[in-house]
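# Report on the structure
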Amino acid sequence: MQELIQQVVSGLASGAIFASLALALVLIYNAMGLVNFAQGEMAMFATFIAFTLIIHGLNYWIAFPLTLGIAFVAGVVIERVVIRPVERAPVLTLVIVTLGLATLVNGAAGFLFGYVPRSFPSPFSVQTINILGAFASFQDLSVIAVCGIVLIAIYLLLQRTTIGLTLRAAAHHPEPSRLLGVRVSWMLALGWGLASAVGAVSGIMVAPILLLEPNMMQTIIIYAFAAAVLGGIESPLGAVVGGLIVGLTVNLAGAYVPFVGGDLELAVALAIIVGVLVIKPNGLFGRAAVRNV
Amino acid sequence: MYRQVQQRLRSAPPRYWLVLVLVLFFIGLPTVITSFQASEWTLVLIFAIVIMGLNILVGYSGQISLGHGALMALGAYTSAILIHRYQVDYLVTIPIAGLVTGLIGFLLGIPALRLSALYLALATFALAVVTPSLIKRPAGLTGGVQGILISSPDPPQFAKDAFASVTSGPPMSSDQWMYYLSLISALVLFWLAWNLIRRRPGRALRAIRDREVAAASYGINIAGYKTMAFGISAFYAGIGGSLYGLAIGFVSPDTFPLALSFQLLVGTVVGGLASIAGPLIGGVFTFWLPIVSSQFVGSQSWIPAQIASVFQKAGPAVTYGALLIVVMIFAPNGVAGLIRTGYMRLQARLRGAGDRGTGQMPPDPQTV
Amino acid sequence: MAKTGPRLGVLAAFLVTLAACGGSPGTTTATDVGVTSNSILLGNTIAQSGPAAAYGTIANAENAYFTYINNTKGGVNGRKINFKILDDAYTPANAVLLTKQLVEQDQVFAMFSGLGTQTQTSVRDYLNTKKVPQLFVATGATTFMADYSQHNWTIGWQPPYQGEGRIYAKDVLANHKAAKIGVLYQNDDYGQDYLKGLKDGLGSNSSMIVDAESYDVTAAVPTLAAQLSKLKGKGVDTLFIFATPAFTIGALAIRTALSWTPLTYLNSVSNPAVYMKIAASKGAKLDGVISVAYIKDPTDPQWANDDGMKLYKTVIANCSTCKVDDGFNIYGVAVAYTMVDVLTKAGSNMTRENVRNIAVSQLDETNNPFLLPGVVVKTTSNDHFPITQEQVITWSANGWHLQGSLTDERGTIS
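For chain A, the count of helices and strands is 11 helices and two strands. Reading chain A from its N end, one meets helices and strands in the order α-α-α-α-β-β-α-α-α-α-α-α-α. Whereas a compact globule of 293 residues would reach a radius of gyration of roughly 19 Å, chain A reaches 19 Å, a difference of no more than 12%. For the C-alpha atoms alone, the extent of chain A along its principal axes is close to 60 × 50 × 35 Å. Looking at chain A as a whole, 60% of its 293 residues qualify as buried. Partitioning the contacts of chain A with sequence separation of at least 6, the portion at a separation of at least 24 is 75%.

This is the structure:
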């Protein structure tokens, strides 16, 4: 029993990591109806920026917001330079461009920072606390807490502010929005900036648990995809719930389903993605999408 | 009769001659290059085959697959297992690998129907990432991480002799035989693709790609054609994968990493979507960039040493990424598209201003 | 893809020359492909990009040693060593093509220290058919030493993983007779080889292993909690981690986070002090962790005034990208030392055949300054495991400490 509780707690802790990156994916989807394949790599790169700032003597609490700022600007710039020219191109073009961005950023990080894994500092203690006989570290809990904060922030932004409303309107109804005087194109850039900053939060929170190296997010992004798809790709709440479920499923399947074992954990993510898309494409919290013709 | 042939030859459009020259070039190539260089070109041809298949799927039917490396793995393992475990002749295994992979691809095409392009990209991307660990699982069948060694096929005696007498050198090597096997496969498959695309299925696919609802209203069986495109594309990947395994002589989980799927996509896009010439250019590119480019850059004296060293250290990933983005922004129809546009402009200029209005065809609309 | 057709002609000329002098062994001028009067060309493929790029520094460190030999000793017997390194990104497909290039186009004399089990397996048959020496491959997969009879142009260098597993078994049987053993291992030949060695070493006591859980290299590190919780739940009190560095660090930290303090053994690949320190910074409690070593640890203060370590630091200065503290680099320098040793022994009889013979059956290197004192690099006509000795080490006070004496597994693995 105690072991089962531990599996659940550990699964939720992993799930929070997936959820944090899935939130950034959701944000981009809300801003332009796109899945950004480079989201994980951008988060990794932002984490390296934070790392560089910190080892050059900057206080963690200064480096953190500073990195978010840099990530935001970088997101906007990337949108302007790379996405803008293909903004109205078909989905396939956008997918290929973000894939190109993913490899580019990954390769650049390898070149600039090397492939030797590094230890990323965390302000949270590595001490563990006892929950019903299971253990979780404060770092794990901090990821869950930060996920919650980011979730609320995104919710407030999208639902309760004019910018958020405009953002969503520009994404889903670009033409009417334009007629109403919304600068649709800049709204997309804003969306990229915000998603990039949320990704940076994710990277900085999970880097102490993972290891900071260029491939840090390579498998995490697959789980994040699964989380976002499961939750319904436009729902921030769905991303968090989806992330926790994916983490839980992977841990429990790894521990108790002999066929999966430790070998096919990533295949569980694949199964979730395909299964959800085929059976319930809108996920748990997504609204039914009207098929655009 | 003779006259007729002469007439036909005279009226053949220039691109027919281009194709003929190209075919002759490829047939003659191994006689002037080393056996090792022939093995390099073998990979170019194999990639061209797979990219042709990917092109049918992406360029013509408008669906997307980021997981073609997984289908290549399926083809390669089908051949390897048949050869290794059941002592089937390697030549027989090539079409079997194509058919098995084609069938699986067709089946994959059914759930793919339900997915939008974006979700299909997601699902196939995840498939590409998971492939190596999926291969490891049935270790009894696939050899697990130890992989399966395939001894390099020996050329038949007649080919050995013929090659020796043409080059007045040593008999044909195994690498050169693989080259010709790949060349024959490529010629057949390109010819098939060309026929498919010019005829009804090709037109139907393009109609679906560009105007799905309109196509449906004309009574085109959309689901049928889309899954068929998946099946055909997988068939090409299966043949390519089978040849890939034979050419490398070893299949293992790490032979089919995510990077392979990615290379194929880059080749498809850079070569040019919805074109027959594109895959060949893409094949050269897919092979050249990861394996030769950094050596090439290092060996060129005109490139400043510092730039060369940055290029080498940054590795192929940076170049790949940058190229994908640049090509999608500036030349969405790839190198083949650039050449076609350039050729048409040139032709229009040669014809003079008079019929410029009628003679100039607009380039294909952006196909992706 | 420039045309280099004439090279075939050069090759033919070489072969003719070879045939001409091949009949008189013991002549003073025997050479072979890739050898000139003042140079020897060696080839290598290794991952310098992609997921395993961290290993890439090994080849650079090897090159640093060759540069050192070329600059201070004028090379080996008047021949400078040229070392061509190509990036195979850890994929067999690239390794095959690049190895063909090195052999057929660049005309290397021998392949040296290629890295990776799958990549080196993929070229083993090719190199053996071509009779090109595949020397000192950088993997401890037992097959590269044990399958000598089918592949007699191939030889490994580092202690086989199975031998290391057996040493752990001995340590457990000697000091922890009542242990309830749990194993976390990577589900490939690397992890399986270690597990087999441990089981074989325990012999009739192999039921001491309560459970063995595997993970895949594609797993996300935090999900190792699933396997570790399971092992903990089964009452394991002695944990073996047979993993690559990143997963080892993760497993050590998760183990502590689970408030679990089993006696822990680590395999040698993942024990460099730099990684241990990362694990410590993630909160892992490391005191008492056990592993083995056969190379001197550059971060260990006990070697501060050691001649071998001083030489290592001089050598590694020739490589601008190499970090002195990185355990991979001293590995590279140490294996390059053996390579130079072999070439020196070959003397003027610089043929592939002779160099291979020395490497696979006549090695007897007792003075490799980068290995722990007493470690011998040795092969004979019926023993093709160059290094079989390792010494148990334990971690305390932020560093590894040698325990007892060397354990030798020579002759136990076949």
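Looking only at helices and strands, one finds 18 helices and two strands in chain B. Its C-alpha radius of gyration of 22 Å places chain B within 12% of the 21 Å reference for a compact globule of 368 residues. For chain B, the spread of C-alpha atoms along the principal axes amounts to about 65 × 60 × 55 Å. For chain B, with 368 residues in total, the buried portion stands at 52%. A separation of at least 24 residues holds for 76% of the contacts in chain B among residues at least 6 apart in sequence.

Each partner contributes residues to the interface: chain C has 32 residues there, and chain B has 31 residues. Of all elements in the fold, only helix H1 (6-22), helix H3 (92-105) and helix H4 (117-129) of chain C reach the threshold of two or more residues within the side of chain C that touches chain B. Here the element with the most residues in the side of chain C that touches chain B is H3(C); it accounts for 10 residues. When the residues that make up the side of chain C that touches chain B are grouped by side-chain class, the tally is 10 nonpolar, 13 polar and nine charged.

The interface is formed by 40 residues belonging to chain B together with 38 residues belonging to chain A. Looking at the side of chain B that touches chain A, the elements that each hand over two or more residues are helix H6 (117-136), helix H11 (212-217), helix H13 (258-271) and helix H16 (305-330) of chain B. The element best represented in the side of chain B that touches chain A is H6(B), accounting for 14 residues. Its residues placed into classes, the side of chain B that touches chain A shows 31 nonpolar, four polar and five charged.

What follows is about the nonpolar core. The biggest cluster of nonpolar side chains holds 369 residues, and the ones touching the most others in it are A:Ala269, A:Ile273, B:Ala126 and C:Val333. Per-element tally for this core: the top contributor is helix H1 (residues 2-32) of chain A, with 18 residues.

Once that is clear, we can look at helix H8 (residues 184-206) of chain A. Taking 1.5 Å as the rise per residue, H8(A) with 23 residues should run 33 Å; its terminal C-alpha atoms sit 33 Å apart, in good agreement. Counting buried residues along H8(A), 20 of its 23 residues qualify, which places the element largely inside the surrounding structure.

When two helices pack together, their arrangement is captured by the angle between the axes and the distance separating the axes. Residues and elements named next belong to chain C. Running from N to C, H3 and H4 cross one another at 40°; their axes reach a closest spacing of 8 Å. Looking at the two axes, H3 sits oblique to H4. In this structure, H3 crosses over H4, and the sense of that crossing is right-handed. Contacts from Pro 92, Ala 95, Val 96 and Thr 99 of H3 reach H4 at Gln 118, Thr 119, Ser 122, Val 123 and Tyr 126. Broken down by class, the residue content of the contact of H3 with H4 amounts to five nonpolar, four polar and no charged.

The next thing to look at is the pairing of strand S9 (residues 238-242) of chain C. One face of the sheet, then the other: side chains in a regular strand alternate in exactly this way. Residue and element names in this part refer to chain C. Of all five residues making up S9, five are buried, and the element is well covered by its neighbours. Along S9, one buried face is formed by Thr 238, Phe 240 and Phe 242 and the opposite face, lined by Leu 239 and Ile 241, is buried too. Where strand S7 (residues 181-186) lies against S9, five bridges are found, and the strand directions are parallel. When the sheet's bridge partners are listed, Val 183 is paired in S9 with Phe 240. Two strands pair when backbone bridges link them, and S9 and strand S10 (residues 263-266) are joined in this way by four bridges, in the parallel orientation.

The subject of this paragraph is the packing of H13(B) against helix H14 (residues 278-291) of chain B. All names here are of chain B. Running from amino to carboxyl end, H13 crosses H14 at an angle of 135°, the nearest separation of the two axes being 7 Å. With respect to their mutual orientation, H13 and H14 come out oblique. Crossing handedness for the pair H13 and H14: right-handed. On the side of H13, the interface is formed by Gln 263, Leu 264, Val 266, Gly 267, Thr 268, Val 270 and Gly 271, while H14 contributes Gly 278, Pro 279, Ile 281, Gly 282, Gly 283, Phe 285, Thr 286 and Pro 290.

Looking at chain A as a whole, its pLDDT mean stands at 88, while 98% of the residues score no less than 70. Per-element confidence in chain A ranges from a low mean pLDDT of 81 for helix H7 (residues 174-179) of chain A to a high of 96 for helix H2 (residues 39-55) of chain A.

The next thing to look at is the confidence of the model for chain B. Residues and elements named next belong to chain B. Per-residue pLDDT for chain B has a mean of 85; in total, 95% of the residues score no lower than 70. Between the elements of chain B, mean pLDDT differs from a low of 43, seen in helix H18 (residues 356-359), to a high of 95, seen in helix H4 (residues 68-86). Confidence over residues 354-368 falls short of pLDDT 50; this stretch has 26 contacts with residues more than four positions distant or in other chains. In the predicted complex, the global pTM is 0.88; the interface-specific ipTM is 0.88.

All right, on to the environment of C:Asp307 then. Residue and element names in this part refer to chain C. Tracing the chain through its elements places Asp 307 in helix H11 (residues 307-316). Take Asp 307: there are 9 C-beta atoms within 10 Å of it, and that puts it in the exposed class. Considered as a pair, Asp 307 and Phe 370 are 63 residues apart in the sequence and their alpha carbons are 9.1 Å apart.

Glancing now at the domain arrangement of chain B. Residues and elements named next belong to chain B. You can read the domains of chain B as domain 1 (1-32) and domain 2 (35-257). Each of domain 1 and domain 2 has a C-alpha centre, and these two points are 28 Å apart. Between domain 1 and domain 2, the contact holds five residues from the first and eight residues from the second. Among the residues making up the side of domain 1 that touches domain 2, the classes are represented as four nonpolar, one polar and no charged.

Residues and elements named next belong to chain A. Mapping Pro 123 onto the fold places it in the loop between helix H4 (91-113) and strand S1 (128-131). Judged by C-beta crowding, with 12 C-beta atoms within 10 Å, Pro 123 ranks as exposed. Pro 123 sits 85 residues away from Pro 208 along the chain, and the two C-alpha atoms are 9.6 Å apart.

Residues and elements named next belong to chain C. Backbone geometry places Ala 89, a non-glycine residue, at a positive phi of 55°. For Ala 89, the location among the structural elements is in the loop between strand S3 (80-87) and H3. The class for Ala 89 is buried, based on 27 C-beta atoms found within 10 Å. Even without glycine at this site, Asn 398 takes up a positive phi of about 65°. In this structure, Asn 398 sits in the loop between strand S14 (389-396) and strand S15 (399-408). On the basis of neighbour counts, which here come to 12 C-beta atoms within 10 Å, the residue Asn 398 falls in the exposed class.

The subject of this paragraph is H11(C). Residues and elements named next belong to chain C. Listed as buried for H11 are Gly 308, Met 309, Tyr 312, Val 315 and Ile 316. Looking straight down H11, one finds its buried side chains confined to an arc of 120°; they lie on one side. Relative to its buried face, H11 has exposed residues pointing more than 90 degrees away, namely Asp 307 and Thr 314. Looking at the packing, one finds that the buried side of H11 touches helix H2 (57-73) and helix H12 (327-346).

Residue and element names in this part refer to chain C. Of all six residues in S7, six are buried, a share of seventy percent or more. Residues Ile 181, Val 183 and Tyr 185 point to one face of S7 and Gly 182, Leu 184 and Gln 186 to the other, with burial holding for every one of them. Where S7 meets strand S8 (residues 209-215), six bridges bridge the pair, whose relative direction is parallel. Within S8, the residue paired with Ile 181 across the bridge is Ile 209. What joins S7 to S8 is helix H7 (residues 189-202), and the crossover it makes is right-handed.

Here we take up the environment of B:Leu45. All names here are of chain B. Position of Leu 45 relative to the elements: it lies in helix H3 (residues 35-60). On the basis of neighbour counts, which here come to 26 C-beta atoms within 10 Å, the residue Leu 45 falls in the buried class. Put simply, Leu 45 and Tyr 180 are 135 residues apart on the chain and 9.7 Å apart in space, counted from C-alpha to C-alpha. Ignoring sequence-local partners within four residues, the contact set of Leu 45 consists of Ser 182, Leu 183, Ala 186 and Gly 283.

Conventions we followed
Residues numbered from 1 in each chain as written. Chains lettered and ligands numbered in written order. Predicted model: local features only at pLDDT ≥ 70, side-chain atom pairs only at ≥ 80, totals over all residues. Helix = DSSP H or I, 4+ residues; strand = E, 2+ residues; numbered from the N terminus. Rg over C-alpha atoms; globule rule 2.2 N^0.38 Å. Buried ≥ 20, exposed ≤ 12 C-beta atoms within 10 Å, placed from the backbone. Contact = placed C-beta atoms within 7 Å. Nonpolar A, V, L, I, M, F, W, Y, C, P; charged D, E, K, R; others polar. Core = buried A, V, L, I, M, F, W, Y, C linked by C-beta atoms within 7 Å. Expected span 1.5 Å × (residues − 1). Axes fitted to C-alpha atoms, helices over the stretch in contact; angles between N-to-C directions. Parallel < 35°, antiparallel > 145°, perpendicular 65-115°, else oblique. Left-handed = near helix turned anticlockwise from the far one by under 90°. Pairing = 2+ DSSP bridges. pLDDT = per-residue confidence, 0-100. Domains from an automatic or database assignment. Arc of directions from axis to C-beta. Right-handed = clockwise from strand over helix to strand, strands pointing away.

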